[in-house]
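The residues making up each chain are set out below.
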Amino acid sequence: MFAQLGAAIAAVMLLSSPALAESKLTDPQIAHIAYTAGNIDIAAAKQALTKASNKDVKAFAEDMVRDHEAVNKQALDLVKKLKVTPEDNDTSKALSKQAADKLAEFGKLHGAAFDKAYIANEVAYHKTVDSALETKLIPSASNPELKSLLQTGLKIFQGHEQHAEHVAAELK
Amino acid sequence: MQPGRLCLIAGVLSLAAMAVPAHAATITIVMENLVVSPAEATAKLGDTIEWVNKDVVAHTATAKNGDFDVTIPSRKTVTYVLKKAGTVDYYCRFHPNMKAILKIASEPSP
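Residues numbered from 1 in each chain as written. Chains lettered and ligands numbered in written order. Predicted model: local features only at pLDDT ≥ 70, side-chain atom pairs only at ≥ 80, totals over all residues.

## Details of the pairing of strand β9 (residues 99–105) of chain B
All names here are of chain B.
Then, in step 1: Of the two faces of β9, only one is covered, namely that formed by Ala100, Leu102 and Ile104; the face formed by Lys99, Ile101, Lys103 and Ala105 stays uncovered.
Then, in step 2: Where strand β3 (residues 40–44) lies against β9, five bridges are found, and the strand directions are parallel. Counted as the bridge partner of lysine 44 is alanine 105 from β9.
Then, in step 3: In this structure, strand β8 (residues 86–91) lies alongside β9, joined through six bridges in antiparallel fashion. Within β9, the position partnered with aspartate 89 by the bridge is isoleucine 101. (Buried ≥ 20, exposed ≤ 12 C-beta atoms within 10 Å, placed from the backbone. Helix = DSSP H or I, 4+ residues; strand = E, 2+ residues; numbered from the N terminus. Pairing = 2+ DSSP bridges.)

Spelled out as structure tokens, the structure:
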């Protein structure tokens, strides 16, 4: 739990670090971060689909794959339309690194222990991403269509956050 | 019974049978940004509910009592004819925070 909290705090700090505050994120970077964040949650959900034992946890993981794939498809269509090439950056790299660590960590867990860890991390992860969208990515986006897609994403991911909280509460 | 009266009864019956589809209303309920609006809608038996999903993700309209379970793909509209009366709480199975109420009166539209 402390490790998860630590990771969440680290991610929040990363996304609101002075380095980012000073150098404004560009649209290609924002697109890359948003897409990466979605892919991370899809990978986590796919792991959960093979490991989770609780049916609500499994259903939640299915929802995550369905929704994040749908949103990422919109994002891909949009960058194609805008002729923007998503640009890798430190935030995307750090997010991917953390996600890989989580997959390895959760890979060792089984049964109810996995279910609890996955859902707790989903709550923390969506909180982090939602806060980053609200305070960083949406305000920094210059293209109105990108901004609008991020706003749509935020609404959907806030729903996920509440859903994850509900499932987590039921597990206790 | 006289043949004329039989004919009259048959006529009345066929009129009554026609009354439902002829006057049934269509009620539009929009799902946008994971919000159902109106959150509370009233309808009558035989009316058609038209769920419009404006989101990029799929939703469902799932009755808690099991009366209906309709899937509405992203950016699609799905219609459903109400077959049972009552006050039905429904939600989206994919996003359980999306909740709404449908009040279905047993009297068909006049």
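## Some words on the packing of helix α4 (residues 55–82) of chain A against helix α7 (residues 144–171) of chain A
Residues and elements named next belong to chain A.
Then, in step 1: Look at α4 against α7: their axes get within 11 Å of each other, and the N-to-C directions meet at 175°. Overall, the two elements α4 and α7 adopt an arrangement that is roughly antiparallel. Counted together, Asp56, Val57, Phe60, Met64, Asp67, Val71, Gln74, Ala75, Leu78 and Leu82 of α4 and Glu145, Leu146, Leu149, Gly153, Ile156, His160, His163, Ala164, Val167 and Glu170 of α7 form the full contact between these two elements.
Then, in step 2: Taken together, the residues of the contact of α4 with α7 sort by class into twelve nonpolar, four polar and four charged. (Axes fitted to C-alpha atoms, helices over the stretch in contact; angles between N-to-C directions. Parallel < 35°, antiparallel > 145°, perpendicular 65-115°, else oblique. Contact = placed C-beta atoms within 7 Å. Nonpolar A, V, L, I, M, F, W, Y, C, P; charged D, E, K, R; others polar.)

## Digging into the interface of chain A and chain B
Interfaces are often described in size by the accessible area the parts lose on coming together.
Then, in step 1: Residue-level contacts link 13 residues of chain A with ten residues of chain B.
Then, in step 2: Of all the secondary structure elements, the ones that give two or more residues to the side of chain A that touches chain B are α4 and α7 of chain A.
Then, in step 3: It is α7(A) that contributes the most residues to the side of chain A that touches chain B, seven residues altogether.
Then, in step 4: Across the side of chain A that touches chain B, the residue classes tally to three nonpolar, six polar and four charged.

## Some points on the sheet that holds β3(B)
Residue and element names in this part refer to chain B.
Then, in step 1: Read across the open sheet, the five strands follow the order β3-β9-β8-β5-β6; overall the sheet is mixed. Edge strands, defined here as strands with exactly one partner in the open sheet, are β3 and β6 (69–72). Adjacent strand axes in the sheet meet at a mean angle of 25° when their direction is disregarded.
Then, in step 2: One ladder, built from four bridges, connects strand β5 (residues 59–63) with β6; its direction is antiparallel. Each bridged residue has a counterpart across the sheet, and for alanine 61 the counterpart in β6 is valine 70.

## Comments concerning the sheet that holds strand β4 (residues 48–53) of chain B
Residue and element names in this part refer to chain B.
Then, in step 1: Across the sheet, which stays open at both edges, the four strands sit in the order β2-β1-β4-β7 with mixed pairing between neighbours. Bordering the open sheet on either side are β2 (35–37) and β7 (77–81), each of which pairs with just one other strand. The sheet shows a mean angle of 20° between the axes of neighbouring strands, taken without regard to direction.
Then, in step 2: Across three bridges, the pairing between strand β1 (residues 26–32) and β2 is antiparallel. Note that in β2 the partner of methionine 31 across the bridge is valine 36.

## Observations regarding α4(A)
Residues and elements named next belong to chain A.
Then, in step 1: With 28 residues, α4 extends 40 Å between its outermost C-alpha atoms, agreeing within 8% with the 40 Å of an ideal straight helix rising 1.5 Å per residue.
Then, in step 2: Of the positions making up α4, those classed as buried are Val57, Phe60, Ala61, Asp63, Met64, Asp67, His68, Val71, Ala75 and Val79.
Then, in step 3: On the buried face of α4, the contacting elements are α3 (27–51), α6 (111–140) and α7. (Expected span 1.5 Å × (residues − 1).)

## A word on the pairing of β8(B)
Successive side chains on a regular strand alternate, one facing one side of the sheet and the next facing the other.
Then, in step 1: Here β5(B) runs beside β8(B); their pairing, made up of two bridges, is antiparallel. Of the residues in β8(B), the one forming a bridge with B:Thr62 is B:Tyr91.

## Re helix α5 (residues 90–107) of chain A
Residues and elements named next belong to chain A.
Then, in step 1: Over its 18 residues, α5 runs 26 Å from end to end, which matches the ideal 26 Å to within 8%, given 1.5 Å per residue.
Then, in step 2: Those residues of α5 that fall on the buried side of the exposure criterion are Thr91, Ser92, Leu95, Ala99 and Lys102. Here the buried residues of α5 occupy an arc of 95° about the axis, which is enough to place them on one side. Relative to its buried face, α5 has exposed residues pointing more than 90 degrees away, namely Lys93, Lys97, Ala100, Asp101, Ala104 and Gly107. (Arc of directions from axis to C-beta.)

## Side note on the packing of α6(A) against α7(A)
All names here are of chain A.
Then, in step 1: Packing of α6 against α7 leaves a shortest axis separation of 9 Å and a crossing angle of 155°. With respect to each other, α6 and α7 are oriented roughly antiparallel. Like other packed secondary-structure pairs, α6 and α7 cross with a definite hand, here left-handed.
Then, in step 2: Of the residues that constitute the contact of α6 with α7, the class distribution is 14 nonpolar, five polar and nine charged. (Left-handed = near helix turned anticlockwise from the far one by under 90°.)

## Looking at the confidence of the model for chain A
Fine structural detail should not be taken from predicted coordinates in areas where pLDDT scores are low.
Then, in step 1: Within chain A, residue pLDDT values average 91, and 87% of them lie at 70 or more.
Then, in step 2: Residue range residues 18–22 of chain A is modelled with pLDDT below 50. Its contacts to residues more than four positions away, or to other chains, number four contacts. (pLDDT = per-residue confidence, 0-100.)

## Here we look at the confidence of the model for chain B
Residue and element names in this part refer to chain B.
Then, in step 1: For chain B, mean pLDDT is 86; residues scoring 70 or higher make up 77% of the total.
Then, in step 2: The low-confidence segment residues 15–20 (pLDDT under 50) makes three contacts with residues lying over four places distant or belonging to another chain.
Then, in step 3: Interface confidence for the predicted complex, given as ipTM, is 0.79, next to a pTM of 0.82.

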